[in-house]
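Listed here are the chains, written in short residue letters.
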Amino acid sequence: MSQKVPGKFTVMLGLMLFALFFGAGNLIFPPMLGQQAGENIWVANAGFLVTGVGLPLIGIIAFVFSGEKDLMSLSSRVHPVFGIVYTVILYLAIGPFFAIPRAGNVSYEIGLKQPFLSADPGPFPLIVFSIIFFLITCLLSLNPTKIIDIIGKFLTPIKLTFIGLLVLVAIIYPIGKFKAPTSAYTSNAFFNGFQEGYLTLDALVACVFGIIIVNAIRGKEITKKATVMKVCLLATGLAAVVLGVIYTALAFMGASSVSELGYLNNGAEILADVSNHYFGSWGQIFLGLMITVACLTTSVGLITSCSTFFHELMPRISYRTFAVILSIFSAIVSTVGLTELISISVPILMAIYPITISLVFLTFLHSLFKGRRGVYIGSLVLTFCVSIFDGLNEAGLQVAAVNDLFTKILPFYDVGLGWLVPSILGGLLGLLVSQLRK
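Small disclaimer: the values here were computed from a predicted structure and weren't measured.

K.L.:
I would appreciate a short explanation of the overall build of the protein chain in the present structure.
P.N.:
Each helix and strand in the protein chain was counted, giving 19 helices and zero strands. For 438 residues, the compact-globule estimate of 2.2 N^0.38 gives 22 Å, and the protein chain sits close to it at 22 Å. Among the 438 residues that make up the protein chain, the fraction classed as buried is 52%. Partitioning the intrachain contacts of the protein chain with sequence separation of at least 6 by distance along the chain shows that 81% fall at a separation of at least 24. With the model as given, the accessible surface of the protein chain reaches about 19,500 Å², and the carbon-plus-sulfur share is 70%.

K.L.:
Looking at this model, I keep getting lost on the pattern of salt bridges. Mind explaining?
P.N.:
It is possible for side chains bearing opposite charge to pair when their charged atoms get close. Under the defined criterion, the tally for this structure stands at two salt bridges. Of the charged contacts, one joins R77 and E68 as a salt bridge, the two residues approaching to 3.1 Å between their closest N and O atoms. Residue R77 is classed as buried on the basis of its relative accessible area of 13%. Classification of E68 by relative accessible area gives partly exposed; the value is 24%.

K.L.:
Can you help me understand helix α15 (residues 319–334) in this one?
P.N.:
Since one α-helical turn is 3.6 residues long, residues separated by three or four positions face the same way. With 16 residues, α15 should reach 22 Å at 1.5 Å per residue; the first-to-last C-alpha distance of 22 Å fits that figure. Taken residue by residue, α15 has Y319, F322, A323, L326, S327, S330, A331, V333 and S334 as its buried positions. Down the axis of α15, the sector holding all buried residues measures 160 degrees, keeping them to one side. When the buried face of α15 is taken as reference, the exposed residues oriented beyond 90 degrees from it are I328 and I332. Against the buried residues of α15 lie α5 (80–97), α6 (99–116), α7 (124–142), α14 (267–313) and α16 (338–364).

K.L.:
Whenever I open this one, empty space enclosed by the protein confuses me. Can you help?
P.N.:
Think of a ball as big as a water molecule: rolled over the atoms, this probe shows where empty space is left. Overall, the coordinates contain two cavities of 30 Å³ or more when judged by the stated rule. In this model, the largest cavity occupies a volume close to 110 Å³. What lines the largest cavity is a set of 15 residues, among which L71, Y86, C207, T356 and V360 lie closest to the centre. At the level of secondary structure, the elements contributing two or more residues to the lining of the largest cavity comprise α3 (41–66), α4 (71–75), α5, α11 (206–218) and α16. Looking at which element gives the most residues to the lining of the largest cavity, the answer is α16, with four residues. A class-by-class count of the residues in the lining of the largest cavity yields 12 nonpolar, three polar and no charged. A volume near 60 Å³ is recorded for the second largest cavity.

K.L.:
Can you walk me through the environment of V88 in this structure?
P.N.:
As for its position among the elements, V88 is in helix α5. In the structure, V88 is positioned 16 residues away from M72 in sequence and 8.9 Å away in space, judged by C-alpha atoms. In contact with V88, other than residues within four places in its own chain, are F309, F310 and L313.

K.L.:
So what exactly am I meant to see when it comes to the packing of helix α2 (residues 29–37) against α14 here?
P.N.:
Pairs of packed helices are described in terms of their axes, by the angle between the two and the distance that separates them. Running from amino to carboxyl end, α2 crosses α14 at an angle of 90 degrees, the nearest separation of the two axes being 7 Å. What the angle tells us is that α2 and α14 run roughly perpendicular. Two secondary-structure elements touch here, α2 through P31, M32 and Q35 and α14 through G267, I270 and L271. Taken together, the residues that form the contact of α2 with α14 break down as four nonpolar, two polar and no charged.

K.L.:
Which parts of the structure should I look at to understand the packing of α2 against helix α12 (residues 225–256)?
P.N.:
Contact geometry for α2 and α12: axes closest at 6 Å, N-to-C directions at 45 degrees. When the interaxial angle is binned, α2 and α12 end up oblique. Where α2 crosses over α12, the handedness of that crossing is right-handed. Between α2 and α12, the residues in contact are P30, P31, L33, G34 and Q35 and Y247, L250, A251, M253, G254 and A255, respectively. When its residues are assigned to classes, the contact of α2 with α12 shows eight nonpolar, three polar and no charged.

K.L.:
Can you help me understand α6 in this one?
P.N.:
Spanning 18 residues, α6 covers 25 Å between terminal C-alpha atoms, matching the ideal 26 Å at 1.5 Å per step. Of all the bends in α6, the largest measures some 35 degrees and sits at E109.

K.L.:
Looking at this structure, how should I read the side chain of S66?
P.N.:
Within the secondary structure layout, S66 lies in helix α3. Beyond its immediate sequence surroundings of up to four residues, S66 is in contact with L74, R77 and T363.

K.L.:
Can you help me understand the packing of aromatic side chains in this one?
P.N.:
Think of a pair of aromatic rings as described by two things: how far the centres are apart, and how the planes are tilted against each other in angle. Under the counting rule described, the total for this entry stands at 21 aromatic pairs. Judged by centre distance (5.5 Å) and plane angle (35 degrees), the rings of F97 and F329 are tilted. Linking F97 in helix α5 with F329 in helix α15, this pair joins segments that are 232 residues apart in sequence. A residue is classified by how much of its surface remains accessible, and F97, at 37% relative accessible area, is partly exposed. Exposure remark for F329: the relative accessible area of 36% places this residue in the partly exposed category. Look at F194 and Y198: their rings are 5.9 Å apart centre to centre, the planes differ by 70 degrees, and that puts the pair in the edge-to-face class. Both residues of the pair, F194 and Y198, count as buried.

Definitions and cut-offs
- Residues numbered from 1 in each chain as written.
- Predicted model: local features only at pLDDT ≥ 70, side-chain atom pairs only at ≥ 80, totals over all residues.
- Heavy atoms only, no water.
- Helix = DSSP H or I, 4+ residues; strand = E, 2+ residues; numbered from the N terminus.
- Rg over C-alpha atoms; globule rule 2.2 N^0.38 Å.
- Buried < 20%, exposed > 50% of the residue type's maximum accessible area, 1.4 Å probe, protein only.
- Contact = heavy atoms within 4.5 Å.
- Areas by Shrake-Rupley, 256 points an atom, 1.4 Å probe, with all protein chains shown as cover.
- Salt bridge = Lys/Arg side-chain N within 4 Å of Asp/Glu carboxyl O.
- Expected span 1.5 Å × (residues − 1).
- Arc of directions from axis to C-beta.
- 1 Å grid on protein atoms, 1.4 Å probe; cavity = no way out; pocket = protein on both sides within 12 Å on 5 of 7 lines; lining within 4 Å.
- Points joined across faces, edges and corners; volume = space filled by probe spheres on them.
- Nonpolar A, V, L, I, M, F, W, Y, C, P; charged D, E, K, R; others polar.
- Axes fitted to C-alpha atoms, helices over the stretch in contact; angles between N-to-C directions.
- Parallel < 35°, antiparallel > 145°, perpendicular 65-115°, else oblique.
- Left-handed = near helix turned anticlockwise from the far one by under 90°.
- Bend = angle between axes of the 7 residues up to and from the residue.
- Phe/Tyr/Trp six-rings, centres within 6.5 Å; stacked < 30°, edge-to-face > 60°.

Here you go:
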C-alpha cells in the first residue's frame, strides 16, 4: 500500500485545521490585546501566539503521537477517574459554560448591539436575542443536516475575505498611532499575552480536532505512523502560520484604533467600530451578519459534539434531551454578557490550562518514563496545587499566606507560571516513587 501523500491534500488539511480553530469567537481577543498592550503590542502578541496558536497545535501533534482514540483514553493514562472528570470539565468549558454562550454573545455584540442599539440598551435586548439564537441552535442541533456544512463552506471564505480586507486596510491606513500600554501590560507584557491566549479555549479542543485530523489522514489509506506524523506536522505548521499572521494583524488593528475609538469593553466592539470607521454602517452590518451566521454554525457544532459525548457517557439520557438541556443552559449563561462571561471564565481557565499543558508534554515523554502512572499523578497534582491559587487570584479571592509563600519559593509565580517548576518536580518525584515501589 502506497504511503505517498499528495501535497495538495496536506495543504487542504492545514487549511481545514485553520478553519476549525479560527472560529468567530477567536476574532475578539487579538484586537482587545492590541488595545491594552499599546506600544508593547509585539511582546504581548508573542506571548499570545504561544498559547493561542502554538499550544493548540502542539496538542494535536501530541494526540496523534500518543496513538490514543480520544481525549478520555489519553487522559486516563493518569487514572480512569481523572480521565472522566477531566474530559467532562473540558467538554463543559468548550460547551455550555463558555464557548457556546460566547458564540451567542459575540453575535449579539457585532450583529445587533453595535449597529442598531444604543451604547447601554439594558439587559432586555440581550435576553430576547439569546432566546431566539439558542432556540434556532437547538432546532438545528436536534436535526443536524448538511445545511450547516454548506453554510460553513460558503461563509468561511467570505468571512475570511472580509476580515482580511479589513485588517489589510487597517495596516495600510492605520487609524492612529499606538498609545502607551495599560497598567496590565506596562510590565510582563509577554506573560500577560501568554495568559490571554488561554481565552481562545483552543488548547482544550486540540484532542477533539486531533481525532478529525487522524480520521482524515487514515481516510487516504495512510496508516504508517511516521507518515501520519509527517503529514500532521506539515498541516499544523501551515495552520500555525496562517493563524499567527491573522492574529497579529488583528492585534495591530486594535492597537492602532485607540487614538480614534478610545478604549472599548471587548473585542467585538472593536471589530464593529473599526469596520464602521472604514466601510461605514453597511460594512458594520455586513460584518455583523456574517459573524452571526458563523457563530450560529459554531454553536450548533458544539451542541452536537457535547450532546454526543454526554449521551455516550450516560446512554440512558438521549442525545435530543442533552441538546435541549445544553441549549437552555447556554442561553441562560449568555445573558450575563460578553465582557462579564470572559471575566468569569478567566479564573477557571487559569486553573485548568496548566494541567492541560503538563498533560500535553507528558504525552511526548510517555515512552521515556515507560508510561508510569506515578509520573502523571505527581506532575499533575503539584501543578493543580499551584494553578488553583492562580485561579483564585484572578477571581479576587487571594489567600495572602499562600501567595506570599509561593512568591518566595516558586519561580515565575508572579507572572502566572508558578506551576511550571512543581510540574517538573512532581513528575520526577512520581518517577522516583515508581522506581522504589518496583
